[in-house]
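# A closer look at the structure
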Amino acid sequence: MSFASLGITVAIVAVVSAAGGAVGEAPRSARYDDLVLFFRDWRAFQKPKVVNGVPDYTAAAMAAQRAELPSWQRRLAAIDPSAWPIPRQVDYQVVRAELNGLDFDHRVLKPWANNPAFYVTVYADESDQPAREGPLAAGGIDLWAYEAPLTAARAAELEAGLRSIPGLLVQAKRNLTGNGHDLWVLGTKSLRQQSVDLAAFASRLAGAPESLRAAVAGSQKSTDELVAWLESQAASKTEPSGIGVENYDWYLKHVQLVALTWRDEVTLMERELARAHALLAMEELRNAPLPPQQPVATAEEFDRKFGTGVSEYMAFLKDHEILEVRDWMDGALRERVGKFHGGKREFFSEVDYRDPEVMRTHGYHWFDKGRMQHQPHASPIRRGALLYNIFNTRTEGHATGWEELMMQAGMFDERPRSRELVYILLAERAARALGDLHMQSNELTLEQASALASAGTPRGWLTMDGDLVRAEQHLYLQQPGYGTSYLVGKIEIENLIAERRDQLGARFSMKQFMEELDAAGLVPATLVRWELTGRQCEKTRRMLGH
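Residues numbered from 1 in each chain as written. Predicted model: local features only at pLDDT ≥ 70, side-chain atom pairs only at ≥ 80, totals over all residues. Heavy atoms only, no water.

### Focus on the overall build of the protein
Using the following cut-off: Helix and strand assignments come from DSSP, with helices taken as H or I runs of at least 4 residues and strands as E runs of at least 2, each series counted from the N terminus. Burial status follows relative accessibility: with a 1.4 Å probe on protein chains alone, a residue under 20% of its type maximum counts as buried, one over 50% as exposed, and anything between as partly exposed. Residue contacts are defined here by distance: any two heavy atoms, one from each residue, within 4.5 Å place the two residues in contact. Just so you know, the count uses Lys and Arg for positive and Asp and Glu for negative, and it drops His and the chain ends. Here the site of a charge means NZ on Lys, CZ on Arg, CG on Asp, or CD on Glu.
Secondary structure assignment for the protein yields 24 helices and four strands. A principal-axis box enclosing the C-alpha atoms of the protein has dimensions of 65 × 60 × 50 Å. For the protein, the proportion of its 546 residues judged to be buried stands at 55%. Excluding contacts between residues fewer than 6 apart, the proportion of contacts in the protein whose partners are at least 24 apart in sequence is 78%. Charge centroids of the protein, computed over 62 positive and 72 negative side chains, lie 3 Å from each other.

### Overview of helix α16 (residues 364–374)
By the burial criterion, the buried members of α16 are Y364, H365, W366, F367, D368, G370 and R371. Buried residues in α16 make contact with α12 (299–319), α13 (327–334), α15 (356–362), α17 (392–408) and α22 (510–520).

### Digging into the nonpolar core
Note the threshold: In these notes, a set of buried Ala, Val, Leu, Ile, Met, Phe, Trp, Tyr and Cys residues joined through side-chain atoms within 4.5 Å is what counts as a nonpolar core.
With 109 residues, the main nonpolar core has L35, W42, V95, L317 and F367 as its most contacted residues. When residues in this core are grouped by element, the largest group, 12 residues, is from helix α18 (residues 417–440). Not counting chain neighbours up to four residues away, the residues in contact with L317 comprise I322, L323, V325, F367, W402 and M406. Judged by nonpolar contacts, the second largest core, of 35 residues, contains W112, A172, L176 and F201.

### Here's the deal with the layout of surface pockets
The following threshold applies: The pocket and cavity definitions rest on a 1 Å grid over protein atoms only: a 1.4 Å probe that fits but cannot leave marks a cavity, an open set with protein on both sides within 12 Å along at least five of seven lines marks a pocket, and residues lining either have an atom within 4 Å of a point. Grid points are joined across faces, edges and corners, and a volume is the space filled by probe spheres set on the points. Gly is placed with the polar residues, together with every amino acid not listed as nonpolar (Ala, Val, Leu, Ile, Met, Phe, Trp, Tyr, Cys and Pro) or charged (Asp, Glu, Lys and Arg).
Taken as a whole, the second largest pocket spans an internal volume of roughly 1000 Å³. Residue lining of the second largest pocket: 37 residues in total, with Q46, L136, A137, A138 and L387 positioned closest to the centre. Partitioning the lining of the second largest pocket into residue classes produces 21 nonpolar, nine polar and seven charged.

### A few points about the packing of aromatic side chains
This is how it is decided: Working definition: rings of Phe, Tyr and Trp (its six-membered ring) pair if their centres are within 6.5 Å, and the pair is stacked with planes under 30 degrees apart, edge-to-face with planes over 60 apart, and tilted otherwise. Whether a charge sits over a ring depends on NZ of Lys or CZ of Arg being within 6 Å of the ring centre and within 35 degrees of the ring normal.
According to the stated counting rule, one finds 24 aromatic pairs in the structure shown. When the centroid spacing of 6.5 Å and the interplanar angle of 80° are considered together, the rings of W328 and F367 count as edge-to-face. Highlighted residues: W328 in helix α13 and F367 in helix α16, separated in sequence by 39 residues. Residue W328 shares its accessibility class with F367, and that shared class is buried. Here F340 and Y353 contribute two aromatic rings whose centre-to-centre distance is 5.9 Å and whose plane-to-plane angle is 25°, an arrangement assigned as stacked. Taken together, the residues span a long stretch of sequence, with F340 in the loop between α13 and α14 (347–352) and Y353 in the loop between α14 and α15 at a distance of 13 residues. Overall, F340 belongs to the partly exposed group, its relative accessible area being 24%. Its guanidinium or amino end placed over the ring of W184, K237 lies 4.3 Å from that ring's centre, counting from NZ or CZ.

Taken by themselves, the reported measurements are silent on function.
Here it is as structure tokens:
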């Protein structure tokens, strides 16, 4: 991508064309305040209507929402942002991407009809993303946030949320009409896990109000009934579940704001996979005289090494003036360290248990989430999580790139074997992304895509005997563009670092760059690059209609 400076005036005609209609019925405006008002109204419209306490995803309700969407597209197209400062034009582009996301849901994904996992609304673990990954029904319940003993207010809040689940799952039996085999089978598995999570939560509710325990039991019973129905229908679900290359290209451009095509991404992922394996081979050659890294083996060793790992990582960031370290950051990492688990390990535990500091770098996610709480963005449009996971090239991309950047900064110089772990991580991200791409093009089934990802990951750590490899491919099948966002975003942010260094020369510092990056908020990496540099590469310029 070129560093050449390009014009940035928005062509409102292109915006209207992308929206699919004229602006005749909407009064024209050039006021940023009108975009903020539109955003507030849009977010209310985007949510499903609630009928008797249950989100309505019936065919009639979705048809009604789809019929109204063009008027929202025309209303947005009537707002002209071309004279605004770049940060406000960025806000406009993320709102437009959200509208395109709902449009794509209605035209292509239709998760309420095609994806049983859409109806999973109980979450046992905290997501490290601004919003939980994948398309999901409204009304999700974070069980992990309800710690016993519950106050009366918290118990009542939880009970109210659980009461909507039976009605939603009864509705799901009518709504789900898709024929995609992989979405159906893996979605059934996800709902089966919801039942397991509810049962585990119920076991911790001794002394809780009887009405709450009944709500948990009712939710589990309804989940089990839906699982049984899904299993009874599975044999008839024989079609592929990918969206196809043409739809994938449209989604990248108009929703994820990635200025690449499916073919471009295949090329990039193949290149990154080869690069990771080649550099891993050189690291292994250099480190051959050293003993292999042994994984953590006991709870005592886990607590000691992970605690020390957080301390050393934070000190490294501060001492090398890489990042402005805030008081809350240390705790944000320590709270998510977790507990020791013996026995068989999945891929990320294989890495984590050999050097806890490596995955703490990827834990930049917790800094991102912490800033949303401690340093909320000035723009009301960027203050919360964007819809349709369109933040992922920034969140996943930066966190992935940060692993290698910290390695190059010298973080693992005293533990050379840990450099191998960074390239193993890179290879795994590229291998699973290739599985994702060929699954969405319907060249591979989910099982075949999982096997491809497993085979491309060094040392056999992403094993087909585990749960992770299929769970990752299932997420990527549900959420186009997610599996590739780790490396697409990494590359985009590396381009941004290079461009800022080119612009600033001797005045460039990593610490100041990171302040700028974080201040831009959690928007697509292409928009961060535009905001920080004032420039766009040719592909991005065309993508945004400039």
